[in-house]
Amino acid sequence: MSKTAGSAFSALALPLGALLSGGCTESAVFPISLDLYARGGTTEATLADGTRLLFDRADLAFGPFYACAGAQAGQTCMAALAEWREAAVIDLLDADPMLVGSLDGYSGRALSYMHDCGIVSLLTTETPLVLGAAEELGGRSLALEGTAELPLAGAPSVPFRIALTIASSEADRGQPVVRSAPGAFDAELHPETSALTATFDSAAWVTGLDLGAFFQDESCNDQSAAVVCAGTTSQDCQSGETEDCAAAGQICAPDRGCQDELVIDDTSEAGRSVAQAVTLGAGLVVVVD
Amino acid sequence: MRRWPPVLLVPLCAAGPIPALAAPEVGADPPVASPPADIPPAEDPPAPSPAPGPPALDPPAARDEDDAPGPPPAEPSPRAVTSPPRLLTGARPVLPPGATDAVVELVVVVGVDGRIEEATVSAGSDPELGEAALAAARTWSFEPARRNGEAVRARVRLAVEFDPPLLEGPEAAAAGGESAKAGARPVAAVHDHTGPHEGDAHLEVTVHGTRAPRAEVRGPSDYFLHHEVLAAAPRLEGADVLRSVPGLVSVRTEGLAVAHSFSLRGFDAEHGQDVAINVGGLPINLPSHIHGQGYADLGFLIAESVDHLVVKEGIADPRQGDFSVAGSIDVGLGVDEARRGLFIESAFGSFDTFRQKVLWAPREAHRESFGAVQLTSTGGFGENRSGQAASAIVQHRFGHGPLTYRALALAHAADAASAGMVRKDDVEGGVVCFTCAYDLDTARAQGASAARLMGGFFADYEGPEHASGTLGLWGGIDDFRALSNTTGFIEVSEQLPGVSGRGDLFEQTNQTGSLGMLGRYRTQALEVSPWLHGTVEAGVDARLDLVGQSQSLIDASVHNQVWDARARADLRLMQLGTFLDLDWQLGTALTLRGGVRGVAQSYLIDDQLGNLPDPSRPQGDSLPGYRRTATGLALLPRTSLEVRMAPALSLLASYGRGYRSAQAAGLDEGESAPLSLVDSADVGVRLRLGKKVDAKLTGHATFVGDEILFDPADQELESLGPSTRIGATLHAQAMPWDWLVGALSVTAVRATLEGPPAPTAEEPFPPFVPGQAVPGVPALTVRLDLSARRTLGTPFGHPLELELGTGLTVASERPLGYSEATPEVAWLDALLGFEYRSVKLALSGYNLFGGTMAAREAAFVSSWDPSAVPSRVPERHVAAAVPPTVLLSLGLTL
């Protein structure tokens, strides 16, 4: 519409149009744009058996994030209230909120949320999309490192490294991996809302860990693995060779032998339990400021 | 009501020996002819009196304005009659709509029994007037000519002057004016086609060219749009004539092969769900169409074949049927005398557009007789918008006397690509241009193809004293297929577990076979008392539709593989309507019309995908399919009132209840009364100053029980609950001078949703809330049609005509979901034409304000990058409107 025609029309018609439509176009839905923050603050965790995990590093690939109007996030959140479609690495040791991006969408009451951990399941491909944040973590969603102090007198500190890939299963293809539980979230998003903050507690993910599986006092037999540990002594069941791992400042890991650190990854039961805890949103609190 | 024929016969001053029959004064005995003149004897020897029955009437002779006057009459026979025939009784001729006052000369042979044995038109203003004159002449009886006291056959020439009948006695006095004086010369006829004439409460003129008058324009928001107004602005397509309808906005949103999208009077009628459209008496809306309830594709329409529009906004006429929610539009087909002949036009223009038209309307034939063909081809603007279309319309009116017939056939085929809708943030981000299509197979496969064949045969009866009837049969076949992807890659297969992301390209198919009938009869004028008289009309209409339809998701990159089925059904739809209409005059100033319409609907739905088990669960113990039936009945009152305050000023009011049939696929077993009801009330005032000005100011209120809206994401109609509309319309047509015609309309409406669907688990974030404006509807619509035609000069003795025409539509912003709204828009079309002898050269411009105007906007979720994080927040999407377009046309009239 030309400027001339538009000006003439606006002068004549807009007041009448506003009179006719004002109050009728008024609705509870307004565009919004909020600051999205993420923070941690947990530096250690105590396991059920008393083992203390002291974190030297706790990095999480956080994002994308969606706020939903329905009480059940997931399939019913095909139209989200607001979204942030990127991902960032969150230092979970830092309690200070970190601005990760802008949550854009529409006002309304959000009763649930959902997010990914840097790895996004797409409807269009079988291979999930690894975002930059996850690539910073070596293609992983979560990286936890530190030392584990076993509740045994005189037991050495055991370095550990947890590296997990957290993504939706094929059955949930196209849905973000973390979906809030019903009733866990209830917030009004409106143009005056300034920010939304997600606080992660990494301790909640590991409290269920049982590191006992990683410590073994066995000898070779017909049913044992290739390498067994008798305390800190590694024995190769095929060659029969033994090695004192402690003498080298290492630990003895079942089936692996002497290792610099305890590695928990996607292949272990412990790793899967940590991933499940993350998926269930354990320790995650999302609040509106 | 029988009256003496009004001023029919005037003395022929220069006819030589042809006897002069003086005009009978109203209320006086028919005078004896002036001194008898010699009359040429009948060419045939006197024959026995013909057998009882209507005499054969020759069809009106072709009139050629260029013919030289005929030879002088022969010398009188020595055996001259001593007294010519004397007119005794008979019906007055009715001036057909669109005709101005005129004189038609008849040559009749009056038999010895005083009845007309032969009648032909020797000269007249147009063939339709001749028909009207002959029809009236058939009812005349004469005192036969006499020779020496013995009755003899005689041929006489009569001049028939069309006039409105005069009032007598108290009625004349009440009407006042010149016409009230007994013996005064009658006022010349000025027909306005919209109801009773000034001064005559009984004469009502139909607008379909039939000679049985009926008040087609009865409600405050009813309009008769003349051909002059419809032809004022250039029309890129035939359907663009509807842009002259007050308050209507019409745009192409999905290419040449998909129907226009309409909004009218606060209703987003989509492709026709809220506007009943009839063309030449053929109902165009298709019930339960997969692409939209009441789907009405007017792509077949050829602008030059449209004679007039009868627009009924609101519901005041018992004849209005299904889909008359905002109102109804009756398109009258015909070619007036000035345009008859062989017309050939070729047009070339922007975007490789080519259009070829041929229209043949034989000059000697009836106004409604013509044939027209149109071929269109365009490369389309932007990307993925090429298309071709062909249409043909043939109509013929034949027969004479009280029973005439009309046959009509139309055919249409179109195939066009479509760019669909693009995300506004993608346009702003440079991902895709405003007129482009996404560079993906699933986006570039969008398009549609359509084909339609319809025909009808109608018999029209015109009896004495305005009695009339119509009987009609019609049938049609429609085939439709559309491919549309509006959401990109967000769909998941419901039939195949784990299959998703293959592109949301929906394929819709719809085949409809229809058969229908209609009949109506209107009594002659009934007089209860001198101050109370009127007519009663009853009618019935029925239709049977057999529909086969499907909706599937297909993968355009793999030979259109089907990866999900969303609908597959066969429908049998039966609708029976009947109406009773009373049209009564109380005194001279009050007309009360009203009646009731009854409707019965029956549905049989064979849903082949119903009861389909969840594929992720173990196989159940049943087979897919859900066959069900539903019926509906309704009785719908309609009434209107007209109070004539003065000959030029009337107050009008109306109320009516209308309905829209349900989308069959959404009905459950045994569901009753599946009709969406609407109540509409209108009040208004009308001012008519002859043919110079016809203006109306109306207010209206409409309450809809169930608003439906097309969801582009789901590709289906969704219910939005009840809605209310309150508005006003100003409409004026004017022809202040013969060379200038214009029409202006301003429509303001406030449309609100009263109870849109509340959030549910499946739809927790609905786009609408109570009190919100109805989406897609502009609050203010302005339309201007203006045309001027002047003679620039007469080079080589022939006039060189200049024609200027313009059409301007302005619409205020339209609300979308999620608090979005479109900007205000304006379309300007203009024409500059020169006509010299039989050649016409014209330059037409369309949408001259142009720019990046959107034909369609909506807010919904989509994801168009298959390798990126999907968006889940509703985003605004746009489909570009046609940019400024220029066509150069060359026409030849033979």
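What you see is a predicted model; the values in this text were computed from it and never measured.

### Re the overall build of chain A
No. 1: The secondary structure content of chain A amounts to four helices and 23 strands.
No. 2: The 289 residues of chain A split such that 47% are buried.
No. 3: Contacts in chain A between residues at least 24 apart in sequence constitute 71% of all its contacts with a sequence separation of at least 6.
No. 4: Working note: accessible area of chain A is about 12900 Å², and carbon and sulfur atoms make up 50% of it.

### A short note on the overall build of chain B
No. 1: A tally of regular secondary structure across chain B gives five helices and 41 strands.
No. 2: For chain B, the residues scored as buried account for 58% of the 894 residues in total.
No. 3: Contacts in chain B between residues far apart in sequence, at least 24 positions, make up 67% of those at least 6 positions apart.
No. 4: A total accessible area of about 33400 Å² is found for chain B, and carbon and sulfur atoms account for 61% of it.

### Some words on helix α4 (residues 269-279) of chain A
In an α-helix, one turn spans 3.6 residues, which is why side chains three or four residues apart end up on the same side.
Residues and elements named next belong to chain A.
No. 1: The set of residues buried in α4 consists of Ala-270, Gly-271, Val-274, Ala-275, Ala-277 and Val-278. Projected down its long axis, α4 shows its buried positions confined to an angular sector of 160°, all on one face. For α4, exposure combined with an orientation more than 90 degrees from the buried face picks out Glu-269 and Gln-276.
No. 2: Taken together, the buried residues of α4 touch β12 (142-149), β13 (157-164), β14 (178-179), α3 (203-206) and β22 (262-264).

### So, the packing of aromatic side chains
No. 1: Evaluation of the coordinates by the stated rule reveals 15 aromatic pairs over all chains.
No. 2: Ring centres 4.3 Å apart and planes at 10° place the aromatic pair B:Tyr438 and B:Trp864 in the stacked group. You can see B:Tyr438 sitting in the loop between α4 (424-428) and α5 (441-444) and its partner B:Trp864 sitting in the loop between β39 (854-860) and β40 (875-880), a full 426 residues away along the chain. Like B:Trp864, B:Tyr438 is buried.
No. 3: Directly above the aromatic system of A:Tyr66 lies the positively charged group of B:Arg872, at a separation of 5.2 Å from the ring centroid.

### A short note on the environment of A:Ala203
All names here are of chain A.
No. 1: One can find Ala-203 in helix α3.
No. 2: Of the residues examined, Ala-203 reaches a relative accessible area of 13% and is grouped as buried.
No. 3: The sequence separation of Ala-203 and Gln-216 amounts to 13 residues, and the corresponding C-alpha distance is 25 Å.
No. 4: Excluding its chain neighbours within four sequence positions, the residues that come into contact with Ala-203 are Thr-42, Glu-44 and Ala-45.

### Concerning the interface of chain B and chain A
No. 1: With 42 residues of chain B at the interface, the matching set in chain A holds 50 residues.
No. 2: Across the interface of chain B and chain A, roughly 3700 Å² is buried in total on both sides, 64% from carbon and sulfur atoms.
No. 3: On inspection of chain B and its partner chain A, the count reaches zero salt bridges.
No. 4: At the surface where chain B touches chain A, the tally comes to 11 residue pairs in polar contact (both at pLDDT 80 or more).
No. 5: When residues of the side of chain B that touches chain A are traced back to their parent elements, those giving at least two are β34 (740-753), β36 (800-811) and β37 (825-836) of chain B.
No. 6: Sort the elements by how many residues they give to the side of chain B that touches chain A and β34(B) lands first, with four residues.
No. 7: Partitioning the side of chain B that touches chain A into residue classes produces 26 nonpolar, 11 polar and five charged.

### Some remarks on the state of the cysteines
Residue and element names in this part refer to chain A.
No. 1: Counting across every chain of the model gives five disulfides over all chains.
No. 2: Across a sulfur-sulfur distance of 2.0 Å, Cys-220 and Cys-237 are joined as a disulfide pair. Its torsion about the S-S bond being -90°, the disulfide of Cys-220 and Cys-237 is classed as left-handed. Of this pair, Cys-220 sits in the loop between α3 and β17 (227-230) while Cys-237 is found in the loop between β18 (233-236) and β19 (242-244), placing the two residues 17 residues apart along the sequence.
No. 3: The exposure class of Cys-220 is partly exposed, given its relative accessible area of 26%.
No. 4: Look at Cys-237 and you get partly exposed, because its relative accessible area is 24%.
No. 5: Disulfide pairing is shown between Cys-229 and Cys-252; the S-S distance is 1.9 Å.

### Section: the side chain of B:Ser261
All names here are of chain B.
No. 1: As for its placement among the helices and strands, Ser-261 is situated in strand β10 (residues 261-264).
No. 2: With a relative accessible area of 13%, Ser-261 lands in the buried category.
No. 3: A distance of 3.3 Å separates the side chain of Ser-261 from the side chain of Thr-253, its partner in a polar contact.
No. 4: Aside from chain neighbours lying at most four places away, what touches Ser-261 is Val-249, Ser-250, Val-251, Thr-253, Glu-270 and His-271.

### Remarks on the environment of A:Asp49
Residue and element names in this part refer to chain A.
No. 1: Mapped onto the fold, Asp-49 is located in the loop between β2 (44-46) and β3 (52-62).
No. 2: Between the alpha carbons of Asp-49 and Gly-208 there is a distance of 9.5 Å; along the sequence they are 159 residues apart.
No. 3: There is a polar contact of 2.8 Å between the side chain of Asp-49 and the side chain of Thr-51.

### A closer look at the environment of B:Gly817
All names here are of chain B.
No. 1: With respect to the helices, strands and loops of the structure, Gly-817 is situated in the loop between β36 and β37.
No. 2: By relative accessible area, which is 7% here, Gly-817 ends up buried.
No. 3: Separated by 45 residues in sequence, Gly-817 and Gln-772 place their C-alpha atoms 9.3 Å apart.

About the cut-offs
- Per chain, residues are indexed from 1 in the order of the written sequence.
- Each chain gets a letter, beginning with A, and each ligand a number, beginning with 1, in the order they are written.
- Local features in this predicted model are restricted to residues whose pLDDT is 70 or higher, and side-chain atom pairs enter the listing and the counts only when it is 80 or higher, whereas totals over whole chains, interfaces and linings include all residues.
- Excluding hydrogens and water, the side-chain values take into account all heavy atoms of the structure.
- Secondary structure is summarised from DSSP: a helix means a run of H or I of at least four residues, a strand means a run of E of at least two, and numbering begins at the N terminus for each.
- Note on classification: 1.4 Å probe, protein chains only; a residue is buried when its accessible area is under 20% of the maximum for its type, exposed when over 50%, partly exposed between these limits.
- Contact criterion: two residues are considered in contact whenever any of their non-hydrogen atoms come within 4.5 Å of each other.
- Only the protein chains shown count as cover for residues, with accessible areas throughout obtained via the Shrake-Rupley method and a probe of 1.4 Å.
- It is the directions from the helix axis to the C-beta atoms whose arc is reported.
- Pairing of aromatic rings covers Phe, Tyr and Trp, the last counted by its six-membered ring, and requires centre-to-centre distances within 6.5 Å; plane angles under 30 degrees mean stacked, over 60 mean edge-to-face, and any other angle means tilted.
- Any Lys NZ or Arg CZ found within 6 Å of a ring centre and within 35 degrees of that ring's normal is scored as a charge over the ring.
- Buried area, as used here, totals the accessible surface that two parts lose on assembly, with accessibility defined by a 1.4 Å probe and the loss added over both.
- The salt bridge definition used is simple: a Lys or Arg side-chain nitrogen within 4 Å of an Asp or Glu carboxyl oxygen.
- We call two N or O atoms a polar contact when they sit within 3.5 Å, provided that within protein one can donate a hydrogen and the other can accept it, with sequence-adjacent residues counted only if both atoms are side-chain atoms.
- Any residue that is not Ala, Val, Leu, Ile, Met, Phe, Trp, Tyr, Cys, Pro, Asp, Glu, Lys or Arg is counted as polar, Gly included; the first ten are nonpolar and the last four charged.
- Any cysteine sulfur atom paired with another within 2.5 Å is treated as part of a disulfide.

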